[in-house]
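Examination of the molecular architecture
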Amino acid sequence: MKNETEKYYVIEVRWTGPDQTGAKYVDFDRYEITTALPRNTSGNIQLSGWLGPDGSVARYAHGEYGSLAAADYAVVRMLDGDCRRHDEVDGALEPGTVALYRPGEYTPMSDEALANYIFESVENEDVCVPGGTITQEQMETLVNDLRTLLHENGCDASEDRTAEMIIDVCEMEMAVG
């Protein structure tokens, strides 16, 4: 039976270190809902604000809530609904974590995964890459086509990163115009 006095706390966890687009950290940022009181780096309980760094990770407290539903709602509002809830909580998370949200509707891809995806999409002719120098309009169409395929697979990469990776993978020169 649930303890009626149990409180829930929202903790934002952000990767602030290098390699932000690498496989290990591209989808690192998260909002944890926990039953453990948030503590700052001095060990003091702190219900809101910056809790301090832990290596290359920054932590922020976002309040106390009387129910899991209220904490869930608070996270969704903080992220303007642009988030994904993970029902199965990663075993590496802190004890007491009962829910986990990640920003963004889609899972971001690492540079390596994006490069592989583009290569496979071109090889399988899921997208058509013009030969030689291409125009800005052709690049925009190619980027949009690839991002549509990514979204259909629950993933995403920014337009800029997708365009850069297309050039790298396909070894093209893009004409500005």
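Residues numbered from 1 in each chain as written. Predicted model: local features only at pLDDT ≥ 70, side-chain atom pairs only at ≥ 80, totals over all residues. Heavy atoms only, no water.

**Overview of the overall build of the protein chain**
Scanning the protein chain for helices and strands turns up four helices and eight strands. Considering the protein chain as a whole, with its 177 residues, one finds that 38% of them fall into the buried category. Within the protein chain, counting contacts between residues at least 6 apart in sequence, those at least 24 apart form 60% of the total. Of the roughly 10300 Å² of accessible surface on the protein chain, a fraction of 47% belongs to carbon and sulfur atoms. (Helix = DSSP H or I, 4+ residues; strand = E, 2+ residues; numbered from the N terminus. Buried < 20%, exposed > 50% of the residue type's maximum accessible area, 1.4 Å probe, protein only. Contact = heavy atoms within 4.5 Å. Areas by Shrake-Rupley, 256 points an atom, 1.4 Å probe, with all protein chains shown as cover.)

**Looking at helix α2 (residues 111–123)**
Between its first and last C-alpha atoms α2 spans 18 Å; for 13 residues at 1.5 Å apiece the expected length is 18 Å, and the two agree. Of the positions making up α2, those classed as buried are L114, A115, Y117, I118 and S121. For α2, the arc enclosing every buried residue in end-on projection is 165°, short of the 170-degree limit, so these residues lie on one face. Among the exposed residues of α2, those pointing more than 90 degrees away from its buried face are E112 and E123. On the buried face of α2, the contacting elements are α3 (136–152) and α4 (159–170). Of the residues trailing α2, E125 is marked for its positive phi of about 60°. (Expected span 1.5 Å × (residues − 1). Arc of directions from axis to C-beta.)

**Structural notes on the side chain of E32**
Following the sequence through the fold, E32 ends up in strand β2 (residues 30–34). Separated by 2.7 Å, the side chains of E32 and R30 make a polar contact. (Polar contact = N/O pair within 3.5 Å; in protein donor to acceptor, adjacent residues only side chain to side chain.)

**Observations concerning the confidence of the model for the protein chain**
In this model, the protein chain carries an average pLDDT of 86, and 90% of its residues clear a pLDDT of 70 or more. For the protein chain, the element scoring lowest by mean pLDDT is strand β5 (residues 83–86), at 85; strand β4 (residues 57–65) scores highest, at 96. Contacts of residues 173–177 to residues separated by more than four positions or lying in other chains number 14 contacts, the stretch itself having pLDDT below 50. (pLDDT = per-residue confidence, 0-100.)

**Structural notes on the sheet that holds β4**
An order of β3-β4-β1-β2-β6-β5 is seen for the six strands of this open sheet, with the pairing classed as antiparallel. Strands with a single pairing partner mark the edges of an open sheet, and in this sheet they are β3 (48–54) and β5. Direction aside, the axes of adjacent strands within the sheet are offset by 25° on average. In terms of strand pairing, β3 meets β4 through six bridges, oriented antiparallel. Paired with D54 across the two strands is V57, which belongs to β4. (Pairing = 2+ DSSP bridges. Axes fitted to C-alpha atoms, helices over the stretch in contact; angles between N-to-C directions.)

**Examining the environment of T16**
Within the element layout of this structure, T16 appears in the loop between β1 (8–15) and β2. Along the chain, T16 and V57 lie 41 residues apart, while their C-alpha atoms are 5.6 Å from each other. Every residue in contact with T16, bar those within four places of it in the chain, is listed here: S56, V57 and A58.

**Some details on a nonpolar patch on the surface**
Taken together, L37, I45 and L47 make up a surface patch of nonpolar side chains, about 230 Å² in accessible area. Position of I45 relative to the elements: it lies in the loop between β2 and β3. (Patch = residues over 30% accessible without salt bridge, like charges linked within 9 Å, V, L, I, M, F, W, Y side chains within 5 Å. Salt bridge = Lys/Arg side-chain N within 4 Å of Asp/Glu carboxyl O.)

**A few points about the pattern of salt bridges**
Considering all chains together, one arrives at eight salt bridges under this definition. D156 is paired through a salt bridge with R147; the nearest N and O atoms lie 3.0 Å apart. Neither D156 nor R147 differs from the other in exposure class; each is buried.

**Considerations on the packing of α3 against α4**
The angle between the axes and the distance between the axes are what describe a pair of packed helices. Interaxial distance between α3 and α4 falls to 10 Å at its minimum, and their mutual angle equals 110°. What the angle tells us is that α3 and α4 run roughly perpendicular. Residue-level inspection shows M139, L142, V143, L146 and R147 of α3 in contact with α4, the latter providing E159, T162, A163, I166 and I167. Taken together, the residues that form the contact of α3 with α4 break down as seven nonpolar, one polar and two charged. (Parallel < 35°, antiparallel > 145°, perpendicular 65-115°, else oblique. Nonpolar A, V, L, I, M, F, W, Y, C, P; charged D, E, K, R; others polar.)

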